[in-house]
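Below are the chains, spelled out letter by letter.
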Amino acid sequence: MKELLTYIIQSLVDHPDQVTVDERVSGGTTVFEVRVADGDMGKVIGRKGRIVRQIRVLMKAVAQRQGQRISVEILD
């Protein structure tokens with residue numbers, strides 16, 4: 001799942017080499033923390049948060065099929 005999220009984020013940004021995705025488990029939920037270059041933040045979030053919302057929907061659908069719970073956080 002981490003690889004899928006990394007691929008999606010890297011496809012959206014201008015500086016894919018600066019994308020990092022960290023994975024941690026918190027209370028039975030896997031949390032993916034995404035960091036991108038400062039100039040790419042808007043491309044990942046999108047207008048009114050539409051892009052990041054759809055990324056979260058997609059990732060939750062994949063996780064649900066595998067019987068997991070996940071969360072995606074975009075960090076500064």
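One can find the structure itself at the top, above this paragraph.
These lines cover the structure that appears in this document, whether it is placed above or below. Just so you know, these numbers come straight off a predicted model, no measurement behind them.

1. Here we look at the pairing of strand 2 (residues 29–35)
Okay, so step 1: Here strand 2 lies mainly inside the structure; six of its seven residues are buried.
Okay, so step 2: As judged from the seven bridges shared by strand 1 (residues 20–26) and strand 2, these two strands associate in the antiparallel manner. Opposite Val 25, over in strand 2, you have Thr 30 as the bridge partner.
Okay, so step 3: Between strand 1 and strand 2, which pair antiparallel in sequence order, lie two residues; one of them, Gly 27, sits at a positive phi of approximately 60°.

2. Things to note about a positive patch on the surface
Okay, so step 1: A contiguous patch of positive charge, built from Arg 47, Lys 48, Arg 50 and Arg 53, is present on the exposed surface.
Okay, so step 2: Here Arg 50 falls in the partly exposed class, since its relative accessible area comes to 48%.

3. So, the pattern of salt bridges
Okay, so step 1: Going through the model one piece at a time under the given rule, you end up with four salt bridges.
Okay, so step 2: The closest approach of N and O atoms between Asp 14 and Lys 43, which form a salt bridge, is 2.4 Å. Linking Asp 14 in the loop between helix 1 (2–12) and strand 1 with Lys 43 in helix 2 (residues 41–45), this pair joins segments that are 29 residues apart in sequence.
Okay, so step 3: Shared partners join several salt bridges into a network, and the residues in it are Arg 24, Glu 33 and Glu 73.

Cut-offs used in this document
- Residues numbered from 1 in each chain as written.
- Predicted model: local features only at pLDDT ≥ 70, side-chain atom pairs only at ≥ 80, totals over all residues.
- Heavy atoms only, no water.
- Buried < 20%, exposed > 50% of the residue type's maximum accessible area, 1.4 Å probe, protein only.
- Helix = DSSP H or I, 4+ residues; strand = E, 2+ residues; numbered from the N terminus.
- Pairing = 2+ DSSP bridges.
- Patch = residues over 30% accessible without salt bridge, like charges linked within 9 Å, V, L, I, M, F, W, Y side chains within 5 Å.
- Areas by Shrake-Rupley, 256 points an atom, 1.4 Å probe, with all protein chains shown as cover.
- Salt bridge = Lys/Arg side-chain N within 4 Å of Asp/Glu carboxyl O.
- Lys, Arg positive; Asp, Glu negative; His and termini not counted.
- Charge placed at Lys NZ, Arg CZ, Asp CG, Glu CD.

Taken by themselves, the reported measurements are silent on function.
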